[in-house]
Amino acid sequence: MAMRIDILTLFPEMFAPVLSASIVGRAIRGGVVDVRLSNIRDFAADRYRKVDDAPFGGGPGMVMMCRPIFEAVEAVRAEDARAGLVVLMSPQGRPLDQPMVDDLAGRDRLILVAGHYEGFDERIRRGLADVEVSVGDYVLSGGEIPAMALVDAVVRLLPGALGEPESVREESFRQGLLEYPQYTRPREFRGMRVPDVLVGGDHAKIVDWRAAAAAAKTRRRRPDLWQEHQSKNERAGGG
């Protein structure tokens with residue numbers, strides 16, 4: 001059975017381009033994943049479709065109310081026997097990284113909740129969310145773009161989503177390192193040449209070069225990742 005991803009949002013129209021194009025679009029059309037959109041306003045209690053209110057204690061902005069979101073999740077959850085993991089898109093959540101994406105891609109169903117305005121009533125976090133996910137330490141207008149990023153990252157890992165599954169294993173972060181540099185034709189462009197080892201035909205040397213290049217790039221660009229990679233290697237070796 002295909003993975004099901006439900007997205008609860010105030011702006012379902014934002015998702016059409018992402019869900020119809022490229023890898024995600026092909027995966028949906030090919031039956032690899034079933035993505036469904038629900039408008040949180042459809043679960044509002046009044047005819048004005050109100051889903052937010054002023055915060056208790058005062059302060060700027062509006063806060064998303066409990067009832068519409070609880071009822072939206074409960075209604076969507078009842079559509080499938082698989083309960084699903086409720087993921088709250090929030091700048092207060094755990095940073096989205098490759099290990100988390102790997103874990104989410106192994107689930108049979110995800111229910112993503114994209115917030116808006118000043119954020120969620122705290123009781124939504126406490127009583128509904130299984131996990132909160134952030135795409136970075138910055139603030140966006142809402143959780144829609146983070147939800148799109150999560151869907152793209154997860155779907156491309158699903159069996160049948162990519163034409164060449166091998167490419168997934170060599171991407172950045174798969175081994176705790178950034179990906180090695182890639183080149184294509186022509187061999188020289190404006191004085192910049194492709195490394196000779198890549199066109200020499202010796203596969204073993206190419207593998208060694210790529211491993212060294214990935215390590216060097218990670219050390220230079222992401223010393224935090226390099227340190228973590230080194231620490232893991234030391235623990236694995238008993239050092």
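Residues numbered from 1 in each chain as written. Predicted model: local features only at pLDDT ≥ 70, side-chain atom pairs only at ≥ 80, totals over all residues. Heavy atoms only, no water.

Draft legend 1. Quick peek at the pairing of strand β5 (residues 85–95). In this structure, β5 lies alongside strand β6 (residues 109–114), joined through five bridges in parallel fashion. Its bridge partner being in β6, V87 is matched across the sheet by L112. At this point the chain moves from β5, through helix α4 (residues 98–105), to the parallel β6, and the crossover so formed is right-handed. The pairing of β5 with strand β7 (residues 131–134) spans five bridges and is classified as parallel. Each residue of the ladder has a partner; that of R94, found in β7, is V133. (Pairing = 2+ DSSP bridges. Helix = DSSP H or I, 4+ residues; strand = E, 2+ residues; numbered from the N terminus. Right-handed = clockwise from strand over helix to strand, strands pointing away.)

Draft legend 2. The arrangement of the packing of helix α8 (residues 203–221) against helix α9 (residues 223–236) in detail. Between α8 and α9, the shortest axis-to-axis distance is 5 Å and the interhelical angle comes to 125°. Between α8 and α9, the interaxial angle falls into the category oblique. Side by side, α8 and α9 meet where A215, T218, R219, R220 and R221 of the first sit next to P223, L225 and W226 of the second. (Axes fitted to C-alpha atoms, helices over the stretch in contact; angles between N-to-C directions. Parallel < 35°, antiparallel > 145°, perpendicular 65-115°, else oblique. Contact = heavy atoms within 4.5 Å.)

Draft legend 3. Focus on a nonpolar patch on the surface. Taken together, M14, Y138, L140 and I145 make up a surface patch of nonpolar side chains, about 370 Å² in accessible area. Note that Y138 resides in the loop between β7 and α6 (144–155). (Patch = residues over 30% accessible without salt bridge, like charges linked within 9 Å, V, L, I, M, F, W, Y side chains within 5 Å. Areas by Shrake-Rupley, 256 points an atom, 1.4 Å probe, with all protein chains shown as cover. Salt bridge = Lys/Arg side-chain N within 4 Å of Asp/Glu carboxyl O.)

Draft legend 4. Expanded view of the pattern of salt bridges. By the definition in use, this model includes 16 salt bridges. Among the ionic pairs, R4 bridges to E79, the shortest N-O distance being 2.5 Å. One end of the pair, R4, is in strand β1 (residues 3–9); the other, E79, is in the loop between α3 (66–77) and β5, with 75 residues separating them in the sequence. Taking relative accessible area as the criterion, R4 reaches 1% and is therefore assigned buried. Of the charged contacts, one joins D34 and R36 as a salt bridge, the two residues approaching to 2.8 Å between their closest N and O atoms. Given a relative accessible area of 26%, D34 falls into the partly exposed group. Residue class for R36 comes out partly exposed when judged on its relative accessible area of 37%. Connected through shared salt-bridge partners, R4, D6, E79, D80, R82 and R109 make up one network. (Buried < 20%, exposed > 50% of the residue type's maximum accessible area, 1.4 Å probe, protein only.)

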